[in-house]
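Now for the letters of each chain:
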Amino acid sequence: MRFRSNNKMCRGRALVTGSVLLLVQLLCLEAVPISMDKTKVKEVEGKKEEPPASVDTGLHYDRYLREVIDFLEKDQHFREKLHNTDMEDIKQGKLAKELDFVSHHVRTKLDELKRQEVNRLRTLIKAKQDIEGGNDIAVDHQALLKQFEYLNHMNPHTFEVEDLDRLIKSATKDLENYDKERHDEFKRYEMTKEHDRREHLKTLNENERQKEEEHYQELKKKHADHPKVNHPGSQNQLKEVWEEADGLDPEDFDPKTFFNLHDTNGDGFFDEQELEALFTKELEKIYDPTNEEDDMVEMEEERLRMREHVMNEVDSNKDRLVSLDEFLVATKKKEFLEPDSWETLEQNQAYTDEEMREFEEHLAQQEQDLHMKAVDLQKQRDELERQQDQLNAQKVELQQAVDHMERLKSQKVEPPPEVHVEGNALPEIHAFDDQLHHEQKAQQAHQPEHQAAHDTPQEHHKPPNQILAQQGLPQTHQDLPPGHQEAAQGRNNVP
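Taking an unreviewed UniProt entry as the reference, the protein is identified by name as Nucleobindin 2a belonging to Labrus bergylta. We quote the UniProt Sequence similarities (unreviewed entry) comment for the protein here in full: "Belongs to the nucleobindin family."

Participant: In this structure, what is going on with the overall build of the protein? I would like to understand it.
Facilitator: On a plain count of helices and strands, the protein comes out with 24 helices and 4 strands. When burial is assessed residue by residue, the protein has 35% of its 495 residues classed as buried. By sequence separation, contacts in the protein at least 24 residues apart represent 69% of the contacts at least 6 residues apart.

Participant: Got a minute to help me understand the environment of Lys221 in this structure?
Facilitator: With respect to the helices, strands and loops of the structure, Lys221 is situated in helix 11 (residues 206-224). Sequence separation between Lys221 and Glu293 is 72 residues; the distance between their C-alpha atoms is 8.9 Å.

Participant: Quick question: what am I supposed to make of the pattern of salt bridges here?
Facilitator: Side chains carrying opposite charge are able to pair once their charged atoms draw close together. Tallied over the entire structure, the rule returns 34 salt bridges. Between Lys109 and Glu112 there is a salt bridge whose closest N-O contact spans 3.6 Å. Separated by 3 residues within a single helix, Lys109 and Glu112 lie in helix 7 (residues 104-131), roughly one turn from each other. The exposure class of Glu112 is partly exposed, given its relative accessible area of 31%.

Participant: Looking at this structure, I do not really get a negative patch on the surface. What am I missing?
Facilitator: Together, Glu243, Glu244, Asp249, Glu251 and Glu284 make up a region of like negative charge exposed at the surface. Residue position: Glu251 is located in the loop between helix 12 (235-244) and helix 13 (255-262).

Participant: Where do I start with the side chain of Glu302 in this structure?
Facilitator: For Glu302, the location among the structural elements is in helix 16 (residues 296-314). The exposure class of Glu302 is buried, given its relative accessible area of 0%. A polar side-chain atom of Glu302 sits 2.9 Å from the main-chain amide nitrogen of Leu345. Aside from chain neighbours lying at most four places away, what touches Glu302 is Leu283, Tyr287, Trp342, Glu343, Thr344 and Leu345.

Participant: Help me understand helix 9 (residues 161-176), please; the structure alone is not making it clear to me.
Facilitator: Count 3.6 residues to each turn of an α-helix, and residues three or four apart come out pointing the same way. Between its first and last C-alpha, helix 9 extends 23 Å over 16 residues, near the 22 Å set by a 1.5 Å rise per residue. Residues of helix 9 that are buried: Asp163, Leu164, Asp165, Leu167, Ile168, Ser170, Ala171, Thr172 and Leu175.

Participant: Whenever I open this one, the packing of helix 12 against helix 13 confuses me. Can you help?
Facilitator: Two quantities define a packed helix pair, namely the angle between the helix axes and the distance between the axes. Across the interface, helix 12 lies against helix 13 with an axial gap of 11 Å and an inter-helix angle of 60°. Relative to helix 13, helix 12 is oriented so that their crossing is left-handed. Taking contact as the criterion, the partners of Leu238, Val241 and Trp242 in helix 12 are, on helix 13, Thr257, Phe258, Leu261 and His262. Its residues placed into classes, the contact of helix 12 with helix 13 shows 5 nonpolar, 2 polar and no charged.

Participant: Whenever I open this one, the packing of aromatic side chains confuses me. Can you help?
Facilitator: What characterises a pair of aromatic rings is the spacing of the ring centres plus the angle enclosed by the ring planes. A full pass over the atoms with the stated rule returns 10 aromatic pairs. Judged by centre distance (5.4 Å) and plane angle (75°), the ring pair of Trp242 and Phe253 falls under edge-to-face. Placement of Trp242 in helix 12 and of Phe253 in the loop between helix 12 and helix 13 is noted, with a sequence separation of 11 residues between them. The exposure classification of Trp242 matches that of Phe253, with both residues buried. Measuring from ring centre to ring centre gives 5.6 Å for Phe270 and Phe327, while their planes differ by 75°; the resulting arrangement is edge-to-face. Highlighted residues: Phe270 in strand 1 (residues 269-270) and Phe327 in helix 17 (residues 324-330), separated in sequence by 57 residues. On the basis of relative accessibility, which here comes to 0%, the residue Phe270 falls in the buried class. By relative accessible area, which is 8% here, Phe327 ends up buried. Three or more aromatic residues link up through ring pairs in this structure, and these residues are Trp242, Phe253, Phe258, Phe259, Phe270 and Phe327. Directly above the aromatic system of Phe71 lies the positively charged group of Lys74, at a separation of 4.2 Å from the ring centroid.

Participant: I'm lost on the nonpolar core in this one. Help?
Facilitator: Generally speaking, a soluble globular protein has its nonpolar side chains buried in company with each other. Judged by nonpolar contacts, the single largest core of 31 residues is most densely connected at Leu238, Phe258, Phe270, Leu275, Leu278, Val322 and Phe327. Of all elements in the fold, only helix 10 (178-202), helix 12, helix 13, helix 15 (280-286), helix 16 and helix 17 reach the threshold of two or more residues within this core. Of all the elements, helix 16 adds the most residues to this core, at 6 residues. Phe270 has contacts with Phe258, Phe259, His262, Asp263, Leu275, Leu278, Met311, Leu321, Val322 and Phe327, leaving out every residue within four places of it along the chain. One finds Val68, Ile69, Leu121 and Ile125 within the second-largest nonpolar core, a separate group that totals 30 residues.

Participant: I tried to follow the side chain of Arg305 on my own but got confused; where do I start?
Facilitator: Inspection of the secondary structure assignment puts Arg305 in helix 16. Owing to a relative accessible area of 19%, Arg305 belongs among the buried residues under this scheme. Separated by 2.5 Å, the side chains of Arg305 and Glu302 make a polar contact. Once you skip the residues sitting within four places of it in the chain, Arg305 turns out to touch Trp342, Glu343, Thr344, Leu345 and Asn348.

Participant: Even after reading the chapter, I still don't get the UniProt feature "domain: EF-hand" (unreviewed entry) in the protein, so can you show me in this structure?
Facilitator: UniProt's feature table lists "domain: EF-hand" (unreviewed entry) at residues 250-285 and 302-337, given in the numbering used throughout. Split by type, residues 250-285 is 56% helix and 6% strand. Its first and last C-alpha atoms lie 19 Å apart. Segment residues 302-337 splits into 67% helix and 6% strand. End C-alpha atoms: 22 Å apart.

Participant: Looking at this structure, I do not really get the environment of Val310. What am I missing?
Facilitator: Inspection of the secondary structure puts Val310 in helix 16. A residue is classified by how much of its surface remains accessible, and Val310, at 7% relative accessible area, is buried. Distance from Val310 to Ala330, taken between C-alpha atoms, is 9.8 Å for residues 20 residues apart in sequence. Not counting the four nearest positions on each side in its chain, Val310 is found in contact with Pro232, Gly233, Leu275, Phe279 and Asp315.

Participant: I would appreciate a short explanation of the environment of Leu201 in the present structure.
Facilitator: Here Leu201 lies in helix 10. Expressed as a C-alpha distance, the spacing of Leu201 and Glu212, which sit 11 residues apart in the sequence, is 7.6 Å. Discounting residues that sit within four places of it in the chain, Leu201 has contacts with Arg209, Glu212 and Glu213.

What counts, and where the lines are drawn
Residues numbered from 1 in each chain as written. Predicted model: local features only at pLDDT ≥ 70, side-chain atom pairs only at ≥ 80, totals over all residues. Heavy atoms only, no water. UniProt positions renumbered as here; feature names shortened; annotations may be inferred. Helix = DSSP H or I, 4+ residues; strand = E, 2+ residues; numbered from the N terminus. Buried < 20%, exposed > 50% of the residue type's maximum accessible area, 1.4 Å probe, protein only. Contact = heavy atoms within 4.5 Å. Salt bridge = Lys/Arg side-chain N within 4 Å of Asp/Glu carboxyl O. Patch = residues over 30% accessible without salt bridge, like charges linked within 9 Å, V, L, I, M, F, W, Y side chains within 5 Å. Areas by Shrake-Rupley, 256 points an atom, 1.4 Å probe, with all protein chains shown as cover. Lys, Arg positive; Asp, Glu negative; His and termini not counted. Charge placed at Lys NZ, Arg CZ, Asp CG, Glu CD. Polar contact = N/O pair within 3.5 Å; in protein donor to acceptor, adjacent residues only side chain to side chain. Expected span 1.5 Å × (residues − 1). Axes fitted to C-alpha atoms, helices over the stretch in contact; angles between N-to-C directions. Left-handed = near helix turned anticlockwise from the far one by under 90°. Nonpolar A, V, L, I, M, F, W, Y, C, P; charged D, E, K, R; others polar. Phe/Tyr/Trp six-rings, centres within 6.5 Å; stacked < 30°, edge-to-face > 60°. Lys NZ or Arg CZ within 6 Å of the ring centre and 35° of its normal. Core = buried A, V, L, I, M, F, W, Y, C linked by side-chain atoms within 4.5 Å.

Structural data, given as C-alpha cells:
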C-alpha cells in the first residue's frame, strides 16, 4: 500500500523541507558550538560525532535535488551569499541569481547533472509508453516534460538560474503539501482497514461473528491500556528523554544543553527528523511491534502528529525548522511547564461516520463499475470468438471451392486443334470435305442396286453446297465468320 511506503521515507523529509531551508541546512550554517557543563555530561564527552545520514525526502527527484545541493555547497561564494540572504528573499528567487557567480567547475557539473536528469525523465516517459502499449506512437518529449516543473525542459543542456529557482520552489511546494497528503492517505488506510473488517464479519455465522467482535474489542482495550503519554515538546517529555536516553539527572535539566545534545548534525536547528527522534520514548509506551493490537503504521502517524504539533507551537517563523532561539522561547511558555494532556490516535478517530459512509459508497460504486467493465469485456470476447468462428467457416468453404476447381481442371478435355492464319483460327473445312467425299463413296458402294437405279440424276449429282447445308456447315465464303472469309479466299487462290 502506498501509505506504508510513504511512512518509510516520511522521517527523511527533514533536511530539505521548507523554502530553500533545504539548502540552508545543508549549505550555509556552521555548526553551533556545544556549550555544556562537562562535569554533568561525562558520557557525552567522549562520544564520536558521525556525519548525518543521507536522508530521502521522498520526492521523485530527490537524487537530483541532493546532488545539486552537494555541488553548490562546494562553492564558497554561494555559501557566503546564503549566509547573508533573508528567507523572504530566498522565497522570491534572489538567491538563485547568485548562480551566475559560482565557479566554472561547479557550473559544468550542474550542467551534467541536469542532462542526466532530463535523460532519466525521458527514459521514464518512454518506459511508461511501452507499458501502455504505445510503441508505434511518436513521443513528444517536450510536451511531456512540461509536467516536471522543477527544471526548465526547454533548455535540456545547461543548468541556469531558472533551474535553481524552479528547483527551490518546486521542492518547497511539494514538501509543504506532504503533510496534507499524508493525513488524507492515513485516513484512507484506516477506513480501508475498517471496511475489510466489516466485510470479513459478513462471511461469518452468528456465533463466529460474535466471537470476532469480542476479540476486536479486547484488542482495542489492550492497546489503550498504556502508561501516560507526555505532551510532545513539554518539559516533562523532554526531561524524560534527558533522563532515560541521555542518562542525565532530571534535576540538572538545561534547555540549551538539551538542544545542543540533540542537534545531531550541529547546524543550529532542530529539523523534522531530529524532532521526531525525541518522541521515540513516548511512542514505545503505546506501540510494541510484537503485539497483535499495535499497528506500526499508526505508530508512524502518531510520531508525525507529534512532530507537526511541536512545529506549530514552536516554529514561529514557519520555516519548518526550530532554531535555538525559538526553542528557548518555547521553554518559557506556560504550555511548556503546564501542558494539557495529549490525546493519542485511539482517542481521535481519523475519520467521521459520514466519511466512512461516503468511502464505502465510493468502494461500492468502484466495484459496480469494475463489474460492468468485466461484463463488457466478456461481451467483446464472445463477439470476437463469434467472428473468429465465422472466419474459420469461410476459410473452410474457400478451401473446398479451391479443391473443387482443382478437380474440374484435372478432368477437363483438351479442345480440337486450330489452324491459325494471320492470327485467326480457321477450321479445316477442306479436310472435312475430303472426309465427306470418301464417306459418300462408301455409302454408294453399299446401296442396293434397285435403289441406285431409282435415283434421279438430280439426286445423284447434288452440288457440294447442298451437302454442306445438310451437314449444317457453311456453304459459301460469305457464310464464314468475319476474318475467315479472306483466309478462305486466299486459300482458294493458291495455285
